Amino acid sequence: MSAIVTRNDCQPPAGDIAGAAARRAFGPNHRWKVLGIGVAANAGFSATFSGIPATAVAMRQGYHLGNAELGLALGLLGLGVALSELPWGMLTDRWGDRRVLLTGLGATAAWLFIMAMLVVPTKLSIPGVTLLSASLLIAGLLGGSVNGSSGRAIMGWFGEGERGFAMSIRQTAVPLGGGLGALVLPSLALAVGFTAVFGLLAAVSALSAYFAWRWLHEPPVESVGRAAAASGPAPLRNAQVWRISTAIGLLCFPQVAVLTFASVFLHDFAGMGTWVTSASLAAVQTGAMVMRVWSGRFTDRNGNRRPFLRFCSALSALAFLALWLLVIATAAIPALVPLLPLMVVVAGISVSAWHGVAYTELATLAGAGHVGTALSLANSFVFIGFCLVPIAIPWLLLVFAWQGVWLAAAICAAIAWPIFLRPA
């Protein structure tokens, strides 16, 4: 349904006058600035929640952590986002995008700066796992503001025929930020230390906050569009919203396994150096970014979002099964070890290519007036994965070794397949 209402009255209502004034003030192309802000904000936070796990080897060395302690610290970063996503999303639907995004980005930048000053290893002291874990938990609680608020802004500023493509572009910010983080942060941590890592991430959040303050405003037809689009049950009472959110969360479990422990896998099991591990994770994120843009355009043109999501679930399950088999085969044929980084890249891209399509389908089901809540519900499930997966992997390693990790990833992707909705 179009968010613009045409009237033939001689005197247009106040809402139409306000919308026309807003359009004149911002210009017809202002929506692309809003999309740019969404991309920048999500890329900045992705560099935090994906880039910090990419430093896992350096973090384990610098903070003197075991695998279980490392998993706990990284898991609490995801837990913080999982706990805060839904409250931030509901607050976005009530307060608006601008207030929530400015508050969240500003607070995240301030906290990361504090971590750069106080929660880093030095020659005199090394922060304990409790302090590190609590600090990452708070970073996640504050950063959870980004996802729902930026998604709601894009749904408000873009028309029905553009939303799928725009949301897919926004979702490229996650692999973009994660790829840059994976490429830059591990080497930065080894060469300079975690003061530079947290300081750089604080600067990125602060810069995103400035752009949001400069250009992010409520859409010119917000009052009309919200009333027109917010039909059907509220997201928390919509069974289809819950199904898609649950499937999104499950399909993110194997993705989180790649983002958090692929560097450890390639270092410990495959014997790869920092450059190879960083390049592999950067390749995953770059490939995911390209595939998200393509999938958004492809499904917009063909109207096949639901079949595409089910296909991605099956493809991801097969990719991780192949990785599982390759890990087993390397025990008998060591010459296959150089194929492991390539297979990690293939599996990582397969399980990361669908996000823009899933979030567009979810937002469409919820209605524009409930986008913040619906997207945040899905992201709560996503970051439950960011909490549980890093904690579970060390125990899977202890009992089943790396074969068990990648087999579990394949099982999660396979379970998501029947939960995604069938074509209407």
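With 15 residues, helix 7 (residues 129-143) should cover 21 Å at 1.5 Å per step; its first-to-last C-alpha distance of 21 Å lies within 8% of that length. The set of residues buried in helix 7 consists of Leu132, Ser133, Ser135, Leu136, Ala139, Gly140 and Gly143. Across the axial projection of helix 7, the buried residues extend over an arc of 160°, all falling on one side. Packed against the buried residues of helix 7 are helix 2 (30-49), helix 3 (51-54), helix 4 (56-62), helix 5 (67-95), helix 6 (97-118) and helix 8 (145-157).

It is worth spelling out the side chain of Ser50 at this point. Looking at the element boundaries, Ser50 is found in the loop between helix 2 and helix 3. Judged by its relative accessible area of 2%, Ser50 falls in the buried class.

All right, on to the packing of helix 2 against helix 10 (residues 173-191) then. Across the interface, helix 2 lies against helix 10 with an axial gap of 7 Å and an inter-helix angle of 45°. Relative to helix 10, helix 2 is oriented oblique. When the axes of helix 2 and helix 10 are compared, the crossing they make is right-handed. Of the residues in helix 10, those in contact with Val39, Asn42, Ala43, Ser46, Ala47 and Phe49 of helix 2 are Ala173, Val174, Gly177, Gly178 and Leu185. When its residues are assigned to classes, the contact of helix 2 with helix 10 shows seven nonpolar, four polar and no charged.

Its 13 residues give helix 8 an end-to-end C-alpha distance of 19 Å, which sits within 8% of 18 Å, the value for a rise of 1.5 Å per residue. Extensive coverage of helix 8 is indicated by the burial of twelve of its 13 residues. Turning to helix 8, its buried residues number three or more, namely Ser145, Val146, Asn147, Gly148, Ser149, Ser150, Gly151, Arg152, Ala153, Ile154, Met155 and Trp157.

Turning our eyes to something else, we now look at unusual backbone geometry. Even without glycine at this site, His64 takes up a positive phi of about 55°. As for its placement among the helices and strands, His64 is situated in the loop between helix 4 and helix 5. Among the residues examined, His64 registers a relative accessible area of 58% and is labelled exposed. Phi is positive for Ala401, close to 65°, though the residue is something other than glycine. Locating Ala401 in the fold gives a position in helix 18 (residues 371-419). Residue classification places Ala401 among the partly exposed residues on the basis of a relative accessible area of 31%.

Attention now moves to the pattern of salt bridges. Within the structure shown, the criterion is met by four salt bridges. Here Asp300 and Arg305 are joined by a salt bridge, their closest N and O atoms 3.1 Å apart. Taking the relative accessible area as the measure of exposure, Arg305 reaches 16% and is therefore buried. For the salt bridge of Arg305 with Glu361, the shortest nitrogen-to-oxygen distance reads 3.8 Å. With Arg305 in helix 15 (residues 305-332) and Glu361 in helix 17 (residues 355-366), the pair connects residues that are 56 residues apart, well separated along the chain.

This part is about the side chain of Ser46. Within the secondary structure, Ser46 is located in helix 2. Judged by relative accessible area, Ser46 falls into the buried class, the value being 0%. The residues contacting Ser46, other than those within four sequence positions of it, are Gly51, Ala173, Val174, Gly177 and Gly178.

Another point: the nonpolar core. Core analysis: the largest hydrophobic core is formed by 116 residues, its most contacted members being Ile248 and Trp406. In contact with Trp406, not counting residues within four places along its chain, are Ala257, Val258, Phe265, Phe320, Leu323, Trp324 and Val327.

The grouping of Leu72, Ile391, Trp395, Leu398, Val399 and Phe400 at the surface amounts to a nonpolar patch, some 640 Å² of accessible area in total. Mapped onto the elements of the fold, Leu398 is located in helix 18. Since its relative accessible area comes to 66%, Leu398 is described here as exposed.

For the rest of this paragraph, the subject is the packing of aromatic side chains. Scanning the entire structure with this criterion turns up 17 aromatic pairs. For the pair Phe45 and Phe49, a centre-to-centre distance of 5.2 Å together with 55° between the ring planes defines the contact as tilted. Separated by four residues within a single helix, Phe45 and Phe49 lie in helix 2, roughly one turn from each other. The class of Phe45 is buried, set by a relative accessible area of 4%. Overall, Phe49 belongs to the buried group, its relative accessible area being 7%. Between Phe211 and Trp215, the ring centres sit 5.7 Å apart and the planes meet at 5°, which makes this aromatic pair stacked. Placement of both Phe211 and Trp215 in helix 11 (residues 194-215) is noted, with a separation of four residues, approximately one turn of the helix.

Once that is clear, we can look at the environment of Val129. Within the secondary structure, Val129 is located in helix 7. Under the relative-accessibility criterion, Val129 is labelled partly exposed at 21%. Along the sequence, Val129 and Gly66 sit 63 residues apart, while their C-alpha atoms lie 9.8 Å from each other. If we skip the residues at most four places from it in the chain, Val129 touches Leu65 and Glu69.

Rules and cut-offs
Residues numbered from 1 in each chain as written. Predicted model: local features only at pLDDT ≥ 70, side-chain atom pairs only at ≥ 80, totals over all residues. Heavy atoms only, no water. Helix = DSSP H or I, 4+ residues; strand = E, 2+ residues; numbered from the N terminus. Expected span 1.5 Å × (residues − 1). Buried < 20%, exposed > 50% of the residue type's maximum accessible area, 1.4 Å probe, protein only. Arc of directions from axis to C-beta. Contact = heavy atoms within 4.5 Å. Axes fitted to C-alpha atoms, helices over the stretch in contact; angles between N-to-C directions. Parallel < 35°, antiparallel > 145°, perpendicular 65-115°, else oblique. Left-handed = near helix turned anticlockwise from the far one by under 90°. Nonpolar A, V, L, I, M, F, W, Y, C, P; charged D, E, K, R; others polar. Salt bridge = Lys/Arg side-chain N within 4 Å of Asp/Glu carboxyl O. Core = buried A, V, L, I, M, F, W, Y, C linked by side-chain atoms within 4.5 Å. Patch = residues over 30% accessible without salt bridge, like charges linked within 9 Å, V, L, I, M, F, W, Y side chains within 5 Å. Areas by Shrake-Rupley, 256 points an atom, 1.4 Å probe, with all protein chains shown as cover. Phe/Tyr/Trp six-rings, centres within 6.5 Å; stacked < 30°, edge-to-face > 60°.

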